Amino acid sequence: MSDFDFDLFVIGGGSGGVRAARVAAGETGAKVALAEEDRYGGTCVIRGCVPKKLMVFASEYGTVAEDAKGYGWDIAEGSFNWGSFRERLKNELDRLEGIYRNLLKNSGVTSYDARAKVKDAHTVELSTGETITAKHILVATGGRPMRPEIPNAELGLVSDDIFHLEELPSSILIVGGGYIACEFACILNGLGVEVTQYYRGAQVLRGFDEQARGLIAESMVENGVQLHCGTDIVEMRLATAEDLEEHEIAGVPMGARMQEMLADHSGGKPGDGPVWVKASNGDVKVFDKVFFATGRLPNTDDMGLEEAGVKLGRKGEILVDDYSATDVPSIYAIGDVTDRVNLTPVAIREGMAFVETVFKDNPTKVDHELIPSAVFTQPEFGTVGLSEEEAAEQEPIEVYATSFRPMQTAFAGRPDRVMMKLVVSKETRKVLGCHIVAPNAGEMIQLAGIAVKMGATKEDFDRTVAVHPTMSEEIVTLKSPVRTA
């Protein structure tokens, strides 16, 4: 009989933690418990990937009526009903949370709706007052959005707040230039919100392929996003009645509507009312909302980890080895809380590798190389492998690329452009990176990622017969390099 209450105690009910818990219980017979202080499904299902992607879908319908006219259809333009969409979104997230709960229950996992803290190498304390022992503890608490350290930053929204807005703002300032900032700039712009975006860097989507990020930025501006790079907030505060008289929001003169908004806000909570902002470029403007997308932090605060001997990094991330083990032999960590590769499928893979290593006696590392990913801007960006800039620093390369107007939207009269790009090693001919900017690029890069992961060469791509007429056929018909480096 075990000396512990459980063989495994998982802290965190997101995708990684739930997968590890139910596989350990269901496939190895381990006695497993899991604690989640908020909603099951975690960031991805409740306040991240899933609701965001549904909002992406919603935002893309705005151009349907106009595009249809180019194809001979007479379709009346409608309006977006946030209240209706928000209710359907809530119901869908409730459904998905129920699925996660049932997966745990059906696998024999004991669930605790409580906050858990680590007391020592084999003990957790719950917010309910219970103390539970376990042979192994797995921390999978994910991350959270952060606000910048500027005065009155609490007036701004973060990504968690977007899905709970009672109504869409008429205007919003998005601060940040990463994928979350750019995705929500495109989403809200597509839903009819006047979007302004400030990013202190020279170009958005830092770290991605330079040519791809340039095309995305151009498309965002062309679609109506007021993008200001090299710009940051100097000062922000709640707008006064005088501010509203002097400035405009979404092109509507300040009058009774905004005065009513000002009167209604309670004076200091996120999203309470219009916000006055002074920018580093000299602009002074009032926005209905300000939204910070300026980074995320691991959820390790007040968890007793360091007291138990677990080492944390500079951002508070849990430091682990290739097997997700901490310096405390019985404590492991997976997912965003480790700040390795912060993607849901990676957290799930790490959870599976943990079970293989600890409960199946099959030491398994997670391969964090050549992971395909997508940025759901409009157009989408799918990428796998090295950017042109990264590859050029590593070895001599050839770059094969094309940019063109896709058939579907060109016929409808839209100026949209897409890009297909391969970064190739001169020496080995292997494709080091594949970058696609196009509608449904996320779907395309999933399949291209298989080839890149297998080590396909440029000649392997060339030998593949094109599917015509498609956008993606360009990936296998790129004949001559556009440049070398």
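For the structure itself, look to the data block above.
Bear in mind the structure is a predicted one, so any value in this text is a computation, not a measurement.

Participant: Hey, could you run me through the environment of S107 in this one?
Facilitator: Secondary-structure assignment places S107 in the loop between α5 (82-106) and β3 (110-112). Spatially, the C-alpha atoms of S107 and G26 are 5.0 Å apart, while their sequence positions differ by 81 residues. When near neighbours in sequence (up to four residues on either side) are disregarded, S107 contacts R22, A25 and G26.

Participant: Sorry, what's going on with the packing of helix α3 (residues 49-60) against helix α7 (residues 179-190) here?
Facilitator: Between two packed helices, the angle of one axis relative to the other and the distance separating the axes together describe the packing. Two elements in contact, α3 and α7, have axes separated by 8 Å at closest approach and are oriented at 40 degrees. The angle between the axes of α3 and α7 places the two elements in the oblique class. Remark: the crossing between α3 and α7 carries left-handed chirality. Two secondary-structure elements touch here, α3 through K52, M55, V56 and S59 and α7 through E183, F184, C186, I187 and G190. When its residues are assigned to classes, the contact of α3 with α7 shows five nonpolar, two polar and two charged.

Participant: Please clarify how the pattern of salt bridges should be interpreted in this entry.
Facilitator: Note that side chains of opposite charge can pair when their charged atoms are close. Using the criterion set out here, one finds 34 salt bridges in the structure. With its nearest N and O atoms 3.5 Å apart, the salt bridge here joins R86 to E166. Separated by 80 residues along the polypeptide, R86 in helix α5 and E166 in the loop between α6 (159-162) and β8 (171-175) bring together distant segments of the chain. Residue R86 is classed as partly exposed on the basis of its relative accessible area of 25%. Residue E166 is classed as exposed on the basis of its relative accessible area of 64%. When salt bridges with common partners are traced through the structure, they connect R39, K90, D94, E97, R101 and D113 into a single cluster.

Participant: Explanation requested: a nonpolar patch on the surface in the structure shown.
Facilitator: Judged by side-chain polarity, Y71, W73, I75 and F411 come together as a nonpolar surface patch covering roughly 470 Å² of accessible area. Looking at the secondary structure, you find F411 in helix α13 (residues 407-411). With a relative accessible area of 55%, F411 lands in the exposed category.

Participant: I would appreciate a short explanation of the sheet that holds strand β9 (residues 194-199) in the present structure.
Facilitator: Pairing between sheet strands relies on hydrogen bonds along the backbone, with the strands arranged either parallel or antiparallel. Judged by pairing direction, the sheet is parallel, and its four strands sit side by side in the order β10-β9-β8-β16 without closing on themselves. Here the strands that pair on one side only, and so sit at the sheet edges, are β10 (226-229) and β16 (289-292). For this sheet, the mean inter-axis angle between neighbouring strands, taken without regard to orientation, is 15 degrees. This element, α7, spans β8, β9 and β16 of the sheet and lies at about 165 degrees to β9.

Participant: Even after reading the chapter, I still don't get the sheet that holds strand β14 (residues 275-279), so can you show me in this structure?
Facilitator: On the basis of which strands lie adjacent, the open sheet formed by three strands has the order β11-β14-β15 and antiparallel pairing. Lying at the two open borders of the sheet, with one neighbouring strand each, are β11 (233-238) and β15 (284-287). In this sheet, adjacent strand axes meet at a mean angle of 20 degrees when their direction is disregarded. Where β14 and β15 come together, four bridges link them in antiparallel fashion. By the bridge assignment for β15, K278 is matched with V284.

Participant: Looking at this structure, how should I read the nonpolar core?
Facilitator: Within soluble globular proteins, side chains that are nonpolar generally end up buried alongside one another. Core analysis: the largest hydrophobic core is formed by 69 residues, its most contacted members being M55, I174, F184, F291 and F354. It is α7 that contributes the most residues to this core, eight residues altogether. Once residues within four sequence positions are removed from consideration, M55 is found in contact with W82, F85, I162, F163, F184, I187 and L191. Counting residues in each nonpolar core, the second largest holds 24 residues, with Y112, A116, V118 and I132 among its members.

Participant: Before we go on, may I ask you to explain α5 in this structure?
Facilitator: Side chains of residues three or four places apart in an α-helix project in the same direction, reflecting 3.6 residues per turn. With 25 residues, α5 ought to run about 36 Å at 1.5 Å a step, and its terminal C-alpha atoms sit 36 Å apart, in line with that. If you check which residues of α5 are buried, you get W82, F85, L89, L93, L96, E97, Y100 and L104. Close packing links the buried residues of α5 with α1 (15-28), β2 (32-35), α2 (42-47), α3, β3 and α6. With a side-chain oxygen positioned 3.1 Å from the backbone nitrogen of G83, the residue opening α5 is N81. Residue G108 follows α5 closely and has a positive phi angle near 85 degrees.

Rules of the game
Residues numbered from 1 in each chain as written. Predicted model: local features only at pLDDT ≥ 70, side-chain atom pairs only at ≥ 80, totals over all residues. Heavy atoms only, no water. Helix = DSSP H or I, 4+ residues; strand = E, 2+ residues; numbered from the N terminus. Contact = heavy atoms within 4.5 Å. Axes fitted to C-alpha atoms, helices over the stretch in contact; angles between N-to-C directions. Parallel < 35°, antiparallel > 145°, perpendicular 65-115°, else oblique. Left-handed = near helix turned anticlockwise from the far one by under 90°. Nonpolar A, V, L, I, M, F, W, Y, C, P; charged D, E, K, R; others polar. Salt bridge = Lys/Arg side-chain N within 4 Å of Asp/Glu carboxyl O. Buried < 20%, exposed > 50% of the residue type's maximum accessible area, 1.4 Å probe, protein only. Patch = residues over 30% accessible without salt bridge, like charges linked within 9 Å, V, L, I, M, F, W, Y side chains within 5 Å. Areas by Shrake-Rupley, 256 points an atom, 1.4 Å probe, with all protein chains shown as cover. Pairing = 2+ DSSP bridges. Core = buried A, V, L, I, M, F, W, Y, C linked by side-chain atoms within 4.5 Å. Expected span 1.5 Å × (residues − 1). Polar contact = N/O pair within 3.5 Å; in protein donor to acceptor, adjacent residues only side chain to side chain.

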